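# Reading the structure
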Amino acid sequence: MSLIDCMIIGDSIAVGTHQFKQECVAYAKGGINSRQYYQKYVLPRQNDFGAEVVIISLGSNDWDGIKTYNELYKLRERVKAERVYWVLPNYERFPKQAEDVKLIALSFGDFVIKPTRYQPDQVHPSWAGYKQIAKEAE
């Protein structure tokens, strides 16, 4: 399929995940929301995001005016991978975005990783949380 074994795409949580899966190629930017990500990284690409494994973390920076489901669904249509893992936004903080991510993962038969340990901001996983993401996405 692809020469790339692993790809991480998304926001600052994707950046943090890359620290624990440095063998992966990362297209990630801190603070980016789903709409910005689609416009900056997906639309300009002539090809799809392709890898054996793709890890996606988006939604935690989406505010009410962003149609998280629509933006992430369009992105997911461009991902070609054997296995896709979604890092679930913290449900306590972002229930709508977490539900949108779960629905998209379910519709594509993808896997969902729900971090269990967070930094005090309750947005970013702790170091143990990032290790959990890396382990579950093997």
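This one's a predicted model, so the numbers in the text were calculated from it and none came from an experiment. (Residues numbered from 1 in each chain as written. Predicted model: local features only at pLDDT ≥ 70, side-chain atom pairs only at ≥ 80, totals over all residues. Heavy atoms only, no water.)

## With respect to the pairing of strand 4 (residues 79-87)
Pairing analysis gives seven bridges linking strand 3 (residues 49-57) to strand 4, with the strands arranged parallel. By the bridge assignment, Ile55 is partnered in strand 4 with Tyr85. The β-α-β motif built from strand 3, the intervening helix 3 (residues 68-77) and the parallel element strand 4 has right-handed crossover chirality. Relative to strand 5 (residues 111-113), strand 4 runs parallel, the two being bridged by three bridges. The residue of strand 5 that forms the bridge with Tyr85 is Phe111. Note that the unit made of strand 4, helix 4 (residues 95-108) and strand 5 has a crossover that is right-handed. (Pairing = 2+ DSSP bridges. Helix = DSSP H or I, 4+ residues; strand = E, 2+ residues; numbered from the N terminus. Right-handed = clockwise from strand over helix to strand, strands pointing away.)

## Some details on the nonpolar core
Of all hydrophobic cores here, the largest spans 22 residues; its most connected members are Ile9, Tyr37, Ile56 and Leu75. Non-local contacts of Tyr37, meaning those with residues more than four positions away in its chain, are made with Ile9, Gly10, Tyr27, Ile32, Val42, Phe49, Leu58 and Leu75. Counting 13 residues, the second largest nonpolar core, distinct from the first, contains Cys24, Ile55, Ile133 and Ala137. (Core = buried A, V, L, I, M, F, W, Y, C linked by side-chain atoms within 4.5 Å. Buried < 20%, exposed > 50% of the residue type's maximum accessible area, 1.4 Å probe, protein only. Contact = heavy atoms within 4.5 Å.)

## What about the side chain of Ser57?
Within the secondary structure, Ser57 sits in strand 3. At a separation of 2.8 Å, a polar atom in the side chain of Ser57 contacts the side chain of Asp11. Discounting chain neighbours no more than four positions away, the residues touching Ser57 are Ile9, Gly10, Asp11, Ile13, Ala14 and Val87. (Polar contact = N/O pair within 3.5 Å; in protein donor to acceptor, adjacent residues only side chain to side chain.)

## Description of the environment of Gln19
With respect to the helices and strands, Gln19 occurs in helix 1 (residues 12-20). Given a relative accessible area of 45%, Gln19 falls into the partly exposed group. Put simply, Gln19 and Val123 are 104 residues apart on the chain and 17 Å apart in space, counted from C-alpha to C-alpha.

## Quick look at the packing of helix 3 against helix 4
Taken N-terminus to C-terminus, the directions of helix 3 and helix 4 make an angle of 30°; their axes are 9 Å apart at the nearest point. Between helix 3 and helix 4 the crossing geometry is right-handed. Touching Thr68, Tyr69, Leu72, Tyr73, Arg76 and Glu77 of helix 3 are Lys96, Gln97, Asp100, Val101, Leu103, Ile104, Ser107 and Phe108, all from helix 4. When the residues that make up the contact of helix 3 with helix 4 are grouped by side-chain class, the tally is seven nonpolar, three polar and four charged. (Axes fitted to C-alpha atoms, helices over the stretch in contact; angles between N-to-C directions. Left-handed = near helix turned anticlockwise from the far one by under 90°. Nonpolar A, V, L, I, M, F, W, Y, C, P; charged D, E, K, R; others polar.)

## Focus: helix 5 (residues 127-136)
If you check which residues of helix 5 are buried, you get Gly129, Tyr130, Gln132, Ile133 and Ala134. In this structure, the buried residues of helix 5 make contact with helix 1, strand 4 and strand 5.

## Overview of the side chain of Ser34
By the secondary structure assignment, Ser34 is in helix 2 (residues 34-42). Not counting residues up to four positions away in its chain, the partners in contact with Ser34 are Leu58, Gly59, Asp62, Thr68, Glu71 and Leu72.

## Focus: the state of the cysteines
Summed over all chains, the structure comprises one disulfide. Disulfide pairing is shown between Cys6 and Cys24; the S-S distance is 2.0 Å. Taking the torsion about the sulfur-sulfur bond, which here is approximately 75°, the covalent link between Cys6 and Cys24 counts as right-handed. Of this pair, Cys6 sits in strand 1 (residues 6-10) while Cys24 sits in the loop between helix 1 and strand 2 (25-28), and the two are 18 residues apart along the sequence. (Disulfide = S-S within 2.5 Å.)

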